[in-house]
Amino acid sequence: MTIQNKVFDFFLFTSFYIAVCAVLMVNQTYILLVQKPVDVHFLAFVFFSTVSSYNFHWLFTPRSANPSSRLNWSFQHKGYHLFLFIAGLLFSFYFFLNFINEWFWIGIATLLTFMYSAPKIPYKTFLRLKKYAFGKTIFLAAVWTYVTVVLPLQTEHVSWTGRSVLFCAGQFFFIFSICILFDYRDREDDKAEGIRSLIVYLSEKEVNRLFAFSLILSAALFFLLLKEAVYPATVFILVIPLLLLSLLYNYSKKNFSDYLYYFILDGLMMLSGFILWIMSWF
């Protein structure tokens with residue numbers, strides 16, 4: 001393995017990449033809904049919180065029925081996950097002090113994030129949560145939507161409008177579509193761990209229909225933003241990741257590569273935010 005590959009794996013598997021995705025998604029909310037310069041302290045809080053929560057999640061992730069590059073990397077580098085979990089926690093607490101008056105909304109985000117990973121902690125109290133994980137696909141999409149859309153609006157005290165409701169709902173169903181693919185890939189592991197995921201119970205045709213429904217609904221909600229004085233070019237940018245996801249769907253159900261899932265599919269979540277960020281410089 002080349003040095004470049006090792007650096008890329010480190011960036012991807014330590015969750016620095018997904019933390020950057022979260023930051024760009026928050027910045028997108030500022031551009032579209034908050035419409036004021038982004039608070040860099042809030043971006044830093046989101047970045048380090050994401051690093052901490054994801055490394056906590058992977059620290060306790062057991063071996064898989066289908067071994068992968070990421071799982072092998074994680075088992076060889078548990079020390080990295082532990083260090084980044086603690087370091088991310090400390091840095092996120094430091095930046096949280098800038099928003100201590102918003103403790104309620106941030107506290108909800110913290111609780112939701114912890115609840116997603118809690119069933120992986122090897123203690124009876126937490127392991128029991130697995131039998132309540134039927135809606136984990138919906139839950140994960142809701143957590144991401146809350147952190148990247150709802151939380152910025154609440155901490156900035158921005159009033160909810162038709163535009164914010166449509167964008168929030170559109171983002172939820174878009175992220176949910178991606179989560180469907182992740183849970184489809186992980187369905188054997190979920191069965192082995194006793195996690196009652198929604199996707200485990202659905203047939204192949206039902207999974208396809210759920211994905212199509214979610215993606216079409218997301219697109220419809222984004223197009224409705226045209227009635228809320230959002231530029232057509234902006235709506236088109238929001239829809240680009242949906243089009244790419246639809247093209248990748250069948251391939252992703254057959255190819256479970258970690259690089260496809262954790263780099264390409266996760267990257268689709270921040271693609272429109274990345275494009276809008278680039279455009280904001282001109």
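Refer to the preceding data block for the structure.
Throughout this document, residue positions are counted from 1 along each chain, in the order its sequence is written. At least 70 in pLDDT is required for a residue's local features to be given in this predicted model, at least 80 for side-chain atom pairs to be given and counted, and no such filter applies to totals for whole chains, interfaces and linings, which use all residues. Side-chain measures here rest on the full set of heavy atoms in the structure, leaving out hydrogens and waters.

K.L.:
Would you mind showing me how to read the overall build of the chain here?
P.N.:
For the purposes of this entry, the term helix denotes a DSSP run of H or I that reaches at least four residues, the term strand denotes a run of E that reaches at least two, and both are numbered from the N terminus. Check the secondary structure of the chain and you find 14 helices and zero strands. Helices and strands appear in the chain in the N-to-C order α-α-α-α-α-α-α-α-α-α-α-α-α-α. Structurally, the chain occupies a C-alpha span of about 50 × 45 × 45 Å along its principal axes. Per-residue burial over the chain gives 50% buried out of 282 residues. Burial status follows relative accessibility: with a 1.4 Å probe on protein chains alone, a residue under 20% of its type maximum counts as buried, one over 50% as exposed, and anything between as partly exposed.

K.L.:
Mind showing me how you'd approach the packing of aromatic side chains here?
P.N.:
A ring pair, where both rings are aromatic, is described by two values, the distance of the centres and the angle of the planes. Only rings of Phe, Tyr and Trp enter the pairing, Trp through its six-membered ring, and a pair is recorded when the two centres are within 6.5 Å. The plane angle decides the type: under 30 degrees is stacked, over 60 is edge-to-face, the rest tilted. Using the criterion set out here, one finds 34 aromatic pairs in the structure. With a centroid separation of 5.0 Å and an interplanar angle of 35°, the aromatic rings of Y17 and F263 are classed as tilted. Pair noted here: Y17 is in helix α2 (residues 16-34) and F263 is in helix α14 (residues 258-279), with a separation of 246 residues, a long-range link. Given a relative accessible area of 8%, Y17 falls into the buried group. Taken together, a centroid distance of 5.1 Å and an interplanar angle of 80° make the contact between Y94 and F95 edge-to-face. Residue class for F95 comes out buried when judged on its relative accessible area of 15%. By the criterion adopted, a ring carries a charge over it if an Arg CZ or a Lys NZ lies within 6 Å of its centre and within 35 degrees of its normal. Seen from the ring of Y262, R70 lies directly overhead, with NZ or CZ sitting 4.6 Å from the centre. In this structure, K253 is placed above the aromatic ring of Y184, and the distance from its NZ or CZ to the ring centre is 5.0 Å.

K.L.:
I'm lost on the side chain of T155 in this one. Help?
P.N.:
Of note, T155 is situated in helix α8 (residues 136-155). The exposure class of T155 is buried, given its relative accessible area of 10%. Here a polar contact is recorded for every N or O atom pair within 3.5 Å, except that within protein the pair must consist of a potential hydrogen donor and a potential acceptor, and residues adjacent in sequence are included only if both atoms are side-chain atoms. Looking at T155, its side chain comes within polar contact range of the main-chain oxygen of P152, at 3.2 Å. Contact between two residues is taken to exist if any of their heavy atoms lie within 4.5 Å; hydrogens are not considered. Dropping the residues within four chain positions of it, T155 is found in contact with F42 and E102.

K.L.:
Just to check I follow, could you spell out the nonpolar core for this structure?
P.N.:
Most often, soluble globular proteins keep nonpolar side chains buried together rather than apart. Within the largest apolar cluster, 81 residues are counted, with the highest numbers of intra-cluster contacts made by F42, W144, F167, I178, L225, L245 and L265. Of the residues forming this core, the biggest block, 14 residues, is contributed by α2. Residues in contact with L265, not counting those within four places in the same chain, are I178, L181, F182, L245, L248, S252 and L260. Residues enter a nonpolar core if they are buried and are Ala, Val, Leu, Ile, Met, Phe, Trp, Tyr or Cys, with the set joined through side-chain atoms within 4.5 Å.

K.L.:
I'm lost on the environment of F11 in this one. Help?
P.N.:
Structurally, F11 is set in helix α1 (residues 3-13). Residue F11 is classed as partly exposed on the basis of its relative accessible area, which comes to 33%.

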